[in-house]
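Architecture and fold: a report
Given next are the chains, with one letter for each unit.
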Amino acid sequence: MATTTGVQYITKTVKTIRGMEARTRTRLEQEGWEFLSQTQGTVRSELTFRRLKPPMSWKLLGIGGGLVGLLITLSLVMSALGGREEPTSSAEAASTPTASQATPTTSQVTPTEASTPSALTVTAAPVATPITVDELLDKLNSAKMGGMKIGDRFELTGELFESKYWMTGVNGEFVVMLKAQGGAQDLSVFVDKKKTAGWRDGEKVRMVVEMGEATMKGETTDGWLRVVSAEIVP
């Protein structure tokens, strides 16, 4: 976005659980973001911030223009060199057998599914996409959650964070937090509380999470992450 005076800003929208808006706002303001507005929902809130857009360096523009010119020149040279290849004579082409001529045809019978003995159908487990905590948080905060769907699984390694805020939510599920953006943000995930015995801030945990829905105070929303498996990284 830009103002009438030509000053340009970049904006950022962050989603957070109700009750944690003040902590999120304080962190971002310490990083130089200016608070603009807050949209409050039943379960989660959206906070919008902005800050000045860094000016474009003329030196970088000059370097970029030079690289484009160099690529164009190299392309022309390669095209000229490639055009010197002499065509194959008609005699050589006629004496060279084609793939169909060189290989005698053989009648083969490919077994069909019907001829294969029946077996029990095994359903493969959903594939977990490798991702970082920051990348997953960006997806959750982006438009339409970056294309994520219910049932999608992700594999990540994160650092346990802000254990004093771990709690059992209104839907009865236990929530822990992973450090994101160097501590400026956190990623909340639902997990069986029994699995968290002995977990402490600063420990690294490798986990597979699945995106799903949660119902809180009568409102069902998606974009919630549940831990499928987790282990502390030595």
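Structure: see above.
1. Description of the environment of G212
Of note, G212 is situated in strand β9 (residues 204-216). Each C-alpha atom, one on G212 and one on G151, is 6.1 Å from the other, the two residues being 61 residues apart in sequence. Setting aside anything within four residues of it in sequence, one finds G212 in contact with I150, T221, D222, G223, W224 and R226.

2. Here's the deal with the pattern of salt bridges
A complete count under the given rule lists eight salt bridges for this structure. Across the pair R25 and E29 runs a salt bridge whose closest N-O atoms are separated by 3.0 Å. Taken together, the positions of R25 and E29, both in helix α1 (residues 21-30) and four residues apart, correspond to about one turn of that helix. The partly exposed category is assigned to E29, whose relative accessible area is 36%. Residues E210 and R153 are paired through a salt bridge, measuring 2.7 Å at the closest nitrogen-oxygen approach. Of this pair, E210 sits in strand β9 while R153 sits in strand β5 (residues 153-161); the two residues are 57 residues apart in sequence, bridging distant segments of the chain.

3. A word on the environment of D201
Summarising the element assignment, D201 is placed in the loop between β8 (185-191) and β9. Taking the relative accessible area as the measure of exposure, D201 reaches 42% and is therefore partly exposed. In this structure the side chain of D201 is engaged in a polar contact, spanning 3.4 Å, whose partner is the backbone nitrogen of E162.

4. Considering the packing of aromatic side chains
By convention here, two paired aromatic rings are described through the distance between centres and the angle between planes. Following the criterion strictly, the structure yields two aromatic pairs and no others. Between F35 and F49, the aromatic rings sit 5.7 Å apart at their centres with planes inclined by 70 degrees, giving edge-to-face as the arrangement. Taken together, the positions of F35 in strand β2 (residues 34-40) and F49 in strand β3 (residues 44-52) put the pair 14 residues apart, joining distant regions of the chain. Judged on exposure class, the residue F35 and its partner F49 are both buried. Considering the side-chain rings of F190 and W224, the 5.5 Å spacing of their centres and the 25 degrees angle between planes classify their relative orientation as stacked. Here F190, found in strand β8, pairs with W224, found in strand β10 (residues 219-232); they are 34 residues apart in sequence, far enough to count as distant. Here F190 matches W224 in class, with each residue buried. Note that R25 overlies the ring of F35, its terminal NZ or CZ placed 3.9 Å from the centroid.

About the cut-offs
- Residues numbered from 1 in each chain as written.
- Predicted model: local features only at pLDDT ≥ 70, side-chain atom pairs only at ≥ 80, totals over all residues.
- Heavy atoms only, no water.
- Helix = DSSP H or I, 4+ residues; strand = E, 2+ residues; numbered from the N terminus.
- Contact = heavy atoms within 4.5 Å.
- Salt bridge = Lys/Arg side-chain N within 4 Å of Asp/Glu carboxyl O.
- Buried < 20%, exposed > 50% of the residue type's maximum accessible area, 1.4 Å probe, protein only.
- Polar contact = N/O pair within 3.5 Å; in protein donor to acceptor, adjacent residues only side chain to side chain.
- Phe/Tyr/Trp six-rings, centres within 6.5 Å; stacked < 30°, edge-to-face > 60°.
- Lys NZ or Arg CZ within 6 Å of the ring centre and 35° of its normal.

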